[in-house]
Amino acid sequence: MHPDDARARGLADVRRIRVWNDRGSVILKLQVTDAVPRGVVASEKGAWLATSPTGQTISALVSADDRADLAQGACFNDTGVEVGLA
């Protein structure tokens, strides 16, 4: 998360944060960096369900019904979320 976005939410590095939308909620560690643009939260894939306090991974927040404009392919890399302290 960009430092400006983190500061506006009272967040800092390595705190447990909750990332959510109407599809679900996940708990993640936060890394604040200006390598991420303002207004963007980036999360790498690869978490195991067994390690998730909510029983969901970041993929749960993305619609399986949304399709890309190119060949109607899967679109698992973009969704709106909210971020706050866990």
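For the structure itself, consult the block above.
First, a word on scope: everything that follows refers to the structure included in this document.

1. Some details on the nonpolar core
- Grouped together as the largest cluster of nonpolar side chains are nine residues: Met 1, Ala 6, Leu 11, Ile 17, Val 19, Val 26, Leu 30, Leu 61 and Val 83.
- With residues near it in sequence (within four places) discarded, Ala 6 still touches Met 1, Leu 11 and Val 32.

2. Notes on the pattern of salt bridges
- In total, this model carries three salt bridges according to the counting rule given.
- Among the salt bridges present, the one from Asp 4 reaches Arg 7, with a minimum N-O distance of 2.6 Å. Placement of both Asp 4 and Arg 7 in helix α1 (residues 3–8) is noted, with a separation of three residues, approximately one turn of the helix.
- With relative accessibility at 58%, the residue Arg 7 sits in the exposed group.
- The shortest N-O distance in the salt bridge between Asp 22 and Arg 23 comes to 4.0 Å.
- By relative accessible area, which is 74% here, Asp 22 ends up exposed.
- One continuous salt-bridge network, built from bridges that share partners, spans Asp 4, Arg 7 and Arg 38.

Definitions and limits used
Note on numbering: residues in each chain are counted from 1, in written sequence order. Local features in this predicted model are restricted to residues of pLDDT 70 or higher, and side-chain atom pairs are both shown and tallied only at a pLDDT of 80 or more, whereas totals for entire chains, interfaces and linings draw on every residue. The basis for every side-chain value is the complete set of heavy atoms in the structure, and neither hydrogens nor water enter the calculation. By nonpolar core is meant a set of buried Ala, Val, Leu, Ile, Met, Phe, Trp, Tyr and Cys residues that side-chain atoms within 4.5 Å join together. Each residue's exposure class comes from its accessible area (1.4 Å probe, protein chains only) as a fraction of the maximum for that residue type: buried when under 20%, exposed when over 50%, partly exposed otherwise. By the convention used here, residues are in contact when the closest approach between their heavy atoms is within 4.5 Å. By salt bridge we mean one thing: a side-chain nitrogen of Lys or Arg within 4 Å of a carboxyl oxygen of Asp or Glu. For the purposes of this entry, the term helix denotes a DSSP run of H or I that reaches at least four residues, the term strand denotes a run of E that reaches at least two, and both are numbered from the N terminus.

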